[in-house]
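# Remarks on the overall topology
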Amino acid sequence: MKIIAVIAAHPDDEVLGCAGTIALHSQQGDQVHVIFMADGENARTNQTPQHSNRQAAVYAALTTLKVESVQFLNFADNAMDSIPLLKIIQALESKLTLLKPDTIYTHFAHDLNIDHRLTYQAVLTACRPQPGQSVKAIYCFEVPSSTEWGSATEQGFRPQLFVEISQVLSDVNAALACYAAELRPWPHSRSLEAIAARQKYRGSTVGVTAAEAFMIEREIRSLKKCS
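Keep in mind that what you see is a predicted model, and the values were worked out from it rather than measured.

### What about helix H1 (residues 13-27)?
For H1, built from 15 residues, the straight-helix expectation of 21 Å at 1.5 Å per residue is met to within 8% by its first-to-last C-alpha distance of 21 Å. Roughly 75° is the biggest bend found in H1, and it falls at Ala19. With 14 of its 15 residues buried, H1 lies for the most part within the structure. Gly29 occupies a position one or two residues after H1 and carries a positive phi of about 95°.

In structure tokens, the structure reads:
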């Protein structure tokens, strides 16, 4: 059994980025834990109906994907750059120290959204490869309307890892339905049509019906010596 941590900036990023992969990990008996860095609702201090609805959507979506636990660090939405990076790293480290994951899924370094970028930086620092580090693999997912909108002057998202999700598309669609309020009409890249097209495109590049794509940030393998 593997211990998986999905570290996302906002509620819905985890489903947009790797819902199918989460479902597959859960199905094969791995423990999947999701950590959200920001609340996704402009850091409101009061429990507004919109905030409550977003919270309900989180639990509905992640129950569908059979996630083991959900945690919130509650940093300010789209304002994580106003917080010292060290404080963000320390908050994340405290969670990872308890979970001791061996695999992490998180954001791509050059997403347009500032919270995505800082989440990536915090993950790399919190999981620095020193002796005793539990994390052996870090994979970066793509989030529509952020990854593809990044600057053309920076490195683009060029995946090396593809996870076939054809067999769990019903779970992915059920999780997306929980976040219906965060989706947009076609031709927005966060529309259901665009999301399905991306799944098919990523699948077609490796010869399967549908896939999620990842960039490999770290992958440590231990191969057994032949006797």
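Still more ground to cover, so stick around.
### Things to note about the pairing of strand E2 (residues 31-38)
Counting buried positions over the eight residues of E2 gives seven, a clear majority of the element. With six bridges joining them, strand E1 (residues 3-8) and E2 adopt parallel strand pairing. Pairing of Ile4 across the sheet is with Val32, part of E2. Between the parallel pair E1 and E2, the chain is carried across by H1, and the sense of this crossover is right-handed. With five bridges joining them, E2 and strand E3 (residues 69-75) adopt parallel strand pairing. Each bridged residue has a counterpart across the sheet, and for Ile35 the counterpart in E3 is Gln71.

### A look at the sheet that holds strand E5 (residues 137-141)
Strand order across the open sheet formed by seven strands is E3-E2-E1-E4-E5-E7-E6, with mixed pairing between neighbours. Both outer strands of the open sheet, E3 and strand E6 (161-164), are each paired with one neighbouring strand and no more. Each strand axis lies, on average, 25° off the axis of its neighbour in the sheet, ignoring direction. Of the pairings in the sheet, the one linking E1 to strand E4 (residues 103-107) comprises three bridges and is parallel in character. Among the inter-strand pairings, Ala5 is bridged to a residue of E4, identified as Ile104. Most of the contacts of H1 go to strand E7 (residues 211-219), to which it runs at about 85°, and overall it touches E1, E2, E4, E5, E6 and E7. Its contacts with the sheet put helix H3 (residues 85-99) on E1, E2, E3 and E4, and the angle it makes with E3 is roughly 165°.

### Describing empty space enclosed by the protein
Inspection of every chain in the model, using the stated rule, returns one cavity of 30 Å³ or more. Among the secondary structure elements, those contributing two or more residues to the lining of the largest cavity are H1, helix H5 (169-178), helix H6 (192-204) and E7. Its residues placed into classes, the lining of the largest cavity shows seven nonpolar, two polar and four charged.

### Some words on the packing of H3 against helix H4 (residues 114-126)
For the pair H3 and H4, interaxial distance at closest approach is 9 Å and the crossing angle is 60°. Judged by the inter-axis angle, H3 sits oblique to H4. Considering only the axes of H3 and H4, their crossing is right-handed. Here H3 contributes Leu85, Ile88, Ile89, Leu92, Glu93 and Leu96 to the contact with H4, which in turn contributes Leu118, Gln121, Ala122, Val123, Thr125 and Ala126. Taken together, the residues that form the contact of H3 with H4 break down as nine nonpolar, two polar and one charged.

### Brief notes about H5
Here H5 has its buried residues at Val172, Ala175 and Leu176. One side of H5 holds all its buried residues, which, seen down the axis, span an arc of 100°. Of the exposed residues in H5, the ones pointing more than 90 degrees away from its buried face are Ser170 and Ala177.

### Focus: the nonpolar core
Counting 36 residues, the largest nonpolar core has Val6, Val15, Phe36, Leu65 and Tyr105 as its most contacted members. If you list the elements that add at least two residues to this core, you get E1, H1, E2, helix H2 (49-64), E5 and H5. Looking at which element gives the most residues to this core, the answer is H1, with seven residues. In contact with Val6, other than residues within four places in its own chain, are Glu14, Cys18, Ile22, Val32, His33, Val34, Ile35, Tyr105 and Phe141.

What counts, and where the lines are drawn
Residues numbered from 1 in each chain as written. Predicted model: local features only at pLDDT ≥ 70, side-chain atom pairs only at ≥ 80, totals over all residues. Heavy atoms only, no water. Helix = DSSP H or I, 4+ residues; strand = E, 2+ residues; numbered from the N terminus. Expected span 1.5 Å × (residues − 1). Bend = angle between axes of the 7 residues up to and from the residue. Buried < 20%, exposed > 50% of the residue type's maximum accessible area, 1.4 Å probe, protein only. Pairing = 2+ DSSP bridges. Right-handed = clockwise from strand over helix to strand, strands pointing away. Axes fitted to C-alpha atoms, helices over the stretch in contact; angles between N-to-C directions. Contact = heavy atoms within 4.5 Å. 1 Å grid on protein atoms, 1.4 Å probe; cavity = no way out; pocket = protein on both sides within 12 Å on 5 of 7 lines; lining within 4 Å. Points joined across faces, edges and corners; volume = space filled by probe spheres on them. Nonpolar A, V, L, I, M, F, W, Y, C, P; charged D, E, K, R; others polar. Parallel < 35°, antiparallel > 145°, perpendicular 65-115°, else oblique. Left-handed = near helix turned anticlockwise from the far one by under 90°. Arc of directions from axis to C-beta. Core = buried A, V, L, I, M, F, W, Y, C linked by side-chain atoms within 4.5 Å.

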